[in-house]
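Take a look at the letters that make up each chain.
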Protein chains: 4
Amino acid sequence: MKLLLSGFEPFGGHTINPTQSLLQAMEDYSFTDISLELHTILLPVHYDECVELLLAEVEKFQPDIIIACGLAAGRTAVNLERIAVNIKDIEASSYADNRNERPQDIPIRANGPDGLFSTLPIRVITDRLIENGIPAVISNTAGTFICNNVMYGMLDYIKQSSPGVLAGFVHFPASTEMALHKPSLPTLPINLMARALQLIIRTTVEQLQKDE
Amino acid sequence: MKLLLSGFEPFGGHTINPTQSLLQAMEDYSFTDISLELHTILLPVHYDECVELLLAEVEKFQPDIIIACGLAAGRTAVNLERIAVNIKDIEASSYADNRNERPQDIPIRANGPDGLFSTLPIRVITDRLIENGIPAVISNTAGTFICNNVMYGMLDYIKQSSPGVLAGFVHFPASTEMALHKPSLPTLPINLMARALQLIIRTTVEQLQKDE
Amino acid sequence: MKLLLSGFEPFGGHTINPTQSLLQAMEDYSFTDISLELHTILLPVHYDECVELLLAEVEKFQPDIIIACGLAAGRTAVNLERIAVNIKDIEASSYADNRNERPQDIPIRANGPDGLFSTLPIRVITDRLIENGIPAVISNTAGTFICNNVMYGMLDYIKQSSPGVLAGFVHFPASTEMALHKPSLPTLPINLMARALQLIIRTTVEQLQKDE
Amino acid sequence: MKLLLSGFEPFGGHTINPTQSLLQAMEDYSFTDISLELHTILLPVHYDECVELLLAEVEKFQPDIIIACGLAAGRTAVNLERIAVNIKDIEASSYADNRNERPQDIPIRANGPDGLFSTLPIRVITDRLIENGIPAVISNTAGTFICNNVMYGMLDYIKQSSPGVLAGFVHFPASTEMALHKPSLPTLPINLMARALQLIIRTTVEQLQKDE
């Protein structure tokens, strides 16, 4: 079984992005007991390139599962995103992307569906995280920034090209170190988030094995 | 030109729902200068009945425009909702509906599209409100409670039955009086919200006239 | 009876400060029915000068009542401050004062009392505002920025020099117009805040008349 | 050197209070390297009794340092409280104390000072926590509920009876497990908070040794 895991470079004035460490942690972690082949990819925070790079990797690697990860500073729990929307719009975020793009109300794919549901087992995952002592919740908006862009681009692609693939997006809160100079920021420790991501991966693998 | 305007009864422990006053204010207000025929309907906060009642009214009245209004206590500005999602789920809200229904992850329409965009001119409306001194923003989630339920049910119906109809959902913040015993609640005055709703209606009528 | 009313110039990246308009509104408003002589003073957002200017005016004008007003962007209701603390510290705010001063843990007055209560009838005022439909609450911190600085300097002075004077600080939320380009900001309309300030003044005058 | 450390029982609808575990963790932890004699006391959430019990323990144990700990659900970082105020008032909290007392604007001690500063080295502690990777900040209000009540009662007592004692209050955020069924709650892990409390204790001991 093959898993493609993506994260992002820092953006929006933050000097770190915890998803970068999470990719490294998953590479260091042994999924050999479940014979999982793991590829990771760190994406740029740029509206179009992030999707193109991810999909190029998908075509090359042909994964069974794609889990894209992003930072949502200000959220308190691990957020399993339910839906991606066919819009690029920076209004809700206060910053441009890393190449200073500021799209307003632009469709990601002309004539694409308005919304696309995650095909990850988000409820099973959320319940499993909570059972394991990790604050988690299903989120009903991934925003209209880069994270939604990757989620939509990926879900649109697999809907058309590889409908059996389980794919979705997970938003992580700021990590503890990010609050050291901004004490009002809610955080989770990076180790807890790494444990969360292991459980998300394992639960998704189990779901795929059940489906087969 | 015919406009159907809906609001909701109180819910979730609130004793008032400002959308009830807003319906009354729109009935009192004269739209005769633009020959607009206005019908209003106050919906129950119940997952299935709210949609059934609204759609029955739509079939009878055959409106050109449908604007559904709801309360989102905690929000600060008039929220033009961008998208409805095909899910009933009470997790994000802390209360059941008014008949104590607590659905989890239930599709509103089996095999319906995952998401459906508002067909109101939400960006033109948002800009117009701001030009007129009213805090407004496009929202990317109407939640998964009753408000999303009405929005999805309505957009799904018109997509299939009356594709030219302009329809969408507007979330209003708590009104000033609602903060008198809960001073941490952000509010807008009911008069400002009534002026916002007039502008939303007029902007949508102008859009429809342009479309024709 | 003589009342000194102070407000502040804009600060912290805001281009307006609603207390400036509130001073003007109180000057325009007739308090002649209660024979109130009103002086207003607009203070600079600078740690030491703001207090010096206010106290110079107090010595010259010899007011019976001093009500100092400030902006607390992010708050939702009219905030009657309960206590000033003997500290200048910019940590809790994200900006320096308007001359780029960034004091840390500096006493406002060496060997001054740690805290000083407002001598305004803050509970009577809060109740009166709420009865009149205005969201209001007693606040237990005026921060450690300029507003607290003015409140402490003023209360310390009158405690030593004119113990009968009623004096205190009121924090106002952002005004509606301030949210036009920042829709997540909670607001109150400037007219409602002007009505609040009239009631605060009248209630304090009545209290002073009762005390005599 | 003798340290008295206090925590609280659960309150306000929470079934746990992390300060209870923190007391246990400090008892389990070895401070033998610094010859620290540690007593802990779990206080009831009742306005008057909490202070009486703490002061009875102070009189009996004669500590050099008193660190009182409380829960402030909703805060994000370890909060070193700067000041206690001479008021019991439940407005800012939404719940009564555990015996259903709801005082309004009642002085804790008749004719006591309005405010009393913590005598802990709060800035040195805050800097030390941050250097050690723990989100921390000085807070300028401990509220007007039980926590402020204990802080004021204790500081008032030592000011009169034992001026050399270092005493103060630390508010801790909700612990991770408290967010499992309320995912919007910001949290810190209990282990990180225990490490914070060790550092708070060690830094205070060092300060006292320097003072002597």
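These figures come from a predicted structure and were not determined experimentally.

Undergrad: So what exactly am I meant to see when it comes to the relation of the copies chain B and chain A here?
TA: Both copies of the chain are tied together by a single rotation about an axis and a shift running along it. For the match of chain B to chain A, the screw axis carries a shift of 0.0 Å, the RMSD comes to 0.0 Å, and the turn is 180 degrees. In short, the pair behaves as if placed about a two-fold rotation axis. No C-alpha of chain B lies nearer the rotation axis than that of G115 of chain B, which sits 2.1 Å from it. In this assembly the copies share their binding face: 100% of the residues contributing to the interface of chain B also contribute to that of chain A.

Undergrad: Help me out: how do you make sense of the interface of chain D and chain A in this one?
TA: Interfaces are often sized by the amount of accessible area the parts lose when they come together. Contacts between the two partners involve 20 residues from chain D and, on the opposite side, 20 residues from chain A. Both faces considered, chain D and chain A share a buried interface measuring about 1,300 Å² in area, 71% of it formed by carbon and sulfur atoms. The largest share of the area that chain D buries against chain A comes from T76, L180 and P183 of chain D, three residues that together contribute 37% of it. Joining chain D to chain A, the criterion identifies zero salt bridges. Put simply, chain D and chain A have two residue pairs in polar contact (both at pLDDT 80 or more) between them. Only β7 (136-139) and β10 (187-188) of chain D provide two or more residues apiece to the side of chain D that touches chain A. Each residue belonging to the side of chain D that touches chain A can be placed in one class, and the counts come to 14 nonpolar, six polar and no charged.

Undergrad: Is there a simple way to think about the relation of the copies chain D and chain A in this case?
TA: Once chain D has been moved 0.0 Å along the axis and rotated by 180 degrees, it coincides with chain A to within an RMSD of 0.0 Å. Counting the interface residues of chain D, we find that 100% of their copies in chain A are interface residues as well, pointing to one common contact surface.

Undergrad: How should helix α2 (residues 49-61) of chain B be read in this particular structure?
TA: Think of an α-helix as 3.6 residues a turn; residues three or four steps apart then line up on the same face. Residue and element names in this part refer to chain B. For α2, with 13 residues, the first-to-last C-alpha span of 18 Å sits near the 18 Å given by 1.5 Å per residue. Residues C50, V51, L54, L55, E57, V58 and F61 constitute the buried set of α2. Relative to the axis of α2, the buried residues are bounded by an arc of 155 degrees and lie together on one face. Facing away from the buried surface of α2 by more than 90 degrees, the exposed residues are E52 and K60. Contacts from the buried residues of α2 go to β1 (2-8), β2 (37-43), β3 (65-71) and α4 (146-161). Just beyond α2, the residue with positive phi is Q62, at close to 50 degrees.

Undergrad: What's the story with the interface of chain B and chain A in this structure? I'm lost.
TA: Listed per partner, the contact involves 20 residues of chain B and 20 residues of chain A. Taken over both partners, the interface formed by chain B and chain A buries close to 1,800 Å², and the fraction arising from carbon and sulfur atoms is 48%. Looking at the side of chain B facing chain A, the largest losses of area belong to D114, F117 and R123 of chain B, adding up to 31% of the total buried there. Viewed at the interface, chain A and chain B are joined by 10 salt bridges. Measuring nitrogen to oxygen at the nearest pair gives 3.1 Å for the salt bridge that ties D105 of chain A to R82 of chain B. If you list the elements that add at least two residues to the side of chain B that touches chain A, you get β5 (83-85), β6 (115-117) and β7 (136-139) of chain B. If one sorts the elements of the side of chain B that touches chain A by residue count, β6 of chain B sits on top with three residues.

Undergrad: What exactly am I supposed to notice about the packing of aromatic side chains here?
TA: For the coordinates displayed, the defined rule picks out 12 aromatic pairs over all chains. Ring centres of Y47 of chain A and F145 of chain A lie 5.8 Å apart, and the angle between their planes is 85 degrees; this geometry places the pair in the edge-to-face category. Here the residue Y47 of chain A occupies a position in the loop between β2 (37-43) and α2 (49-61), and F145 of chain A occupies one in the loop between β7 (136-139) and α4 (146-161), the gap between them amounting to 98 residues. Each member of the pair, Y47 of chain A as well as F145 of chain A, carries the same accessibility label: buried. On the basis of an interplanar angle of 45 degrees and a centroid distance of 5.9 Å, the ring pair of F11 of chain C and F145 of chain C is categorised as tilted. One end of the pair, F11 of chain C, is in the loop between β1 (2-8) and α1 (18-28); the other, F145 of chain C, is in the loop between β7 (136-139) and α4 (146-161), and 134 residues separate them in sequence. The buried category is assigned to F11 of chain C, whose relative accessible area is 7%. Classification of F145 of chain C as buried rests on a relative accessible area of 10%. These aromatic residues form a ring-pair network of at least three members: F11, Y47 and F145 of chain A. The ring of F61 of chain A has K2 of chain A sitting right over it, with the charged end atom 5.1 Å from the ring centre.

Undergrad: I tried to follow the side chain of T76 of chain D on my own but got confused; where do I start?
TA: Structurally, T76 of chain D is set in the loop between β3 (65-71) and β4 (78-81). T76 of chain D sits in the buried class, given a relative accessible area of 10%. Within the structure, T76 of chain D has its side chain in polar contact with the backbone oxygen of P183 of chain A (distance 2.5 Å). Residue contacts for T76 of chain D: discarding those within four places in its chain leaves P183, S184, L185 and P186 of chain A together with P173, P186 and L188 of chain D.

Undergrad: Is there a simple way to explain the environment of G153 of chain B in this structure?
TA: Residue and element names in this part refer to chain B. Its location among the elements puts G153 in helix α4. Given a relative accessible area of 8%, G153 falls into the buried group. A C-alpha to C-alpha distance of 8.7 Å links G153 and N86, two positions 67 residues apart in sequence. Not counting chain neighbours up to four residues away, the residues in contact with G153 comprise V51 and L55.

Undergrad: Is there a simple way to explain the pairing of strand β4 (residues 78-81) of chain B in this structure?
TA: Along a regular strand, successive side chains alternate from one face of the sheet to the other. All names here are of chain B. Going residue by residue along β4, you find V78 and L80 tucked away on one face and N79 and E81 tucked away on the opposite face as well. Of the strand pairs in this sheet, β4 and β7 are connected by four bridges, and their pairing is parallel. Pairing of V78 across the sheet is with A136, part of β7.

Undergrad: Would you take a moment to explain the sheet that holds strand β8 (residues 166-172) of chain D for this structure?
TA: What links the strands of a sheet is backbone hydrogen bonding, and the strands pair in either a parallel or an antiparallel sense. Residue and element names in this part refer to chain D. Strand order in the open sheet formed by six strands is β2-β1-β3-β8-β4-β7, and the pairing between neighbours is mixed. The open sheet has two edge strands with one neighbour each: β2 (37-43) and β7. Strand-to-strand twist of the sheet, defined as the mean angle between neighbouring strand axes without regard to direction, takes the value 25 degrees. The sheet contact formed by β4 and β8 spans two bridges and is antiparallel. Following the sheet pairing, N79 is matched in β8 by H171. Running over the sheet, helix α3 (residues 122-131) touches β4 and β7 and is turned about 160 degrees from β7. Helix α5 (residues 190-211) rests against β1 (2-8), β3, β4 and β8 of the sheet, and its axis sits at about 155 degrees to β3.

Undergrad: It is not clear to me how the sheet that holds β4 of chain B should be interpreted in this structure. Could you clarify?
TA: All names here are of chain B. Strand order across the open sheet formed by six strands is β2-β1-β3-β8-β4-β7, with mixed pairing between neighbours. The open sheet has two free edges, formed respectively by β2 and β7, since each of these has just one partner strand. Strand-to-strand twist of the sheet, defined as the mean angle between neighbouring strand axes without regard to direction, takes the value 25 degrees. Against the sheet, helix α3 (residues 122-131) makes contact with β4 and β7, and its axis sits at roughly 160 degrees relative to β7, the strand it touches most.

Undergrad: Even after reading the chapter, I still don't get the UniProt feature "active site" (unreviewed entry) in chain A, so can you show me in this structure?
TA: Residues and elements named next belong to chain A. As recorded in UniProt, the sites labelled "active site" (unreviewed entry) are C147. Relative to the helices and strands, C147 is located in helix α4. You can call C147 buried: its relative accessible area is 6%. Every residue in contact with C147, bar those within four places of it in the chain, is listed here: F8, G70, A142, F169 and H171.

Undergrad: Would you mind showing me how to read unusual backbone geometry here?
TA: Keep in mind that most residues, glycine aside, have a negative phi and that most peptide bonds are trans. Even without glycine at this site, D105 of chain B takes up a positive phi of about 55 degrees. When you line up the elements, D105 of chain B lands in the loop between β5 and β6. Positive phi values are uncommon outside glycine, yet S35 of chain D reaches one of about 50 degrees. As for its position among the elements, S35 of chain D is in the loop between α1 (18-28) and β2.

Calculation criteria
- Within each chain, residues carry numbers counting from 1 in the order of the written sequence.
- The order in which chains are written sets their letters, starting at A; the order in which ligands are written sets their numbers, starting at 1.
- With the structure being a predicted model, the display of local features is reserved for residues of pLDDT at least 70 and the display and counting of side-chain atom pairs for 80 or more, all residues being used for whole-chain, interface and lining totals.
- Water and hydrogen atoms play no part in the side-chain values, which are based on all heavy atoms of the structure.
- The copies were overlaid by least squares, fitting only the C-alpha atoms of residues that reach a pLDDT of 70 or more in each copy.
- Pairs of residues are marked as contacts when any of their non-hydrogen atoms sit within 4.5 Å.
- The term buried area denotes the loss of accessible surface (1.4 Å probe radius) that occurs when two parts are joined, taken as the sum for both partners.
- Criterion for a salt bridge: a side-chain nitrogen of Lys or Arg within 4 Å of a carboxyl oxygen of Asp or Glu.
- Any pair of N or O atoms that falls within 3.5 Å is considered a polar contact. Within protein, one atom must be able to donate a hydrogen and the other to accept it, and sequence-neighbouring residues count only if both atoms are side-chain atoms.
- Numbering of helices and strands runs from the N terminus; a helix is a DSSP stretch of H or I covering at least four residues, while a strand is a stretch of E covering at least two.
- Side-chain classes follow a simple rule in which Ala, Val, Leu, Ile, Met, Phe, Trp, Tyr, Cys and Pro form the nonpolar group, Asp, Glu, Lys and Arg form the charged group, and the remainder, Gly included, forms the polar group.
- Helix span, as expected, comes to 1.5 Å for every residue beyond the first.
- Relative accessible area decides the class of each residue, using a 1.4 Å probe on protein chains only: under 20% of the type maximum gives buried, over 50% gives exposed, and in between gives partly exposed.
- Working definition: the arc comes from the directions between the helix axis and the C-beta atoms, pointing outward to the latter.
- Note on ring pairs: Phe, Tyr and Trp rings are taken, using the six-membered ring of Trp, and paired if centres are within 6.5 Å. Classes follow the plane angle, with under 30 degrees stacked, over 60 edge-to-face and the rest tilted.
- The criterion for a charge sitting over a ring is simple: Lys NZ or Arg CZ within 6 Å of the ring centre, and within 35 degrees of the ring normal.
- What makes two strands pair is DSSP finding at least two bridges between them.
- Convention adopted: a line fitted to C-alpha atoms gives each axis, helices being fitted over their contacting stretch, and angles between N-to-C directions are expressed from 0 to 180 degrees.
- UniProt positions are given in the numbering used here, feature names are shortened, and annotations may be inferred rather than shown by experiment.

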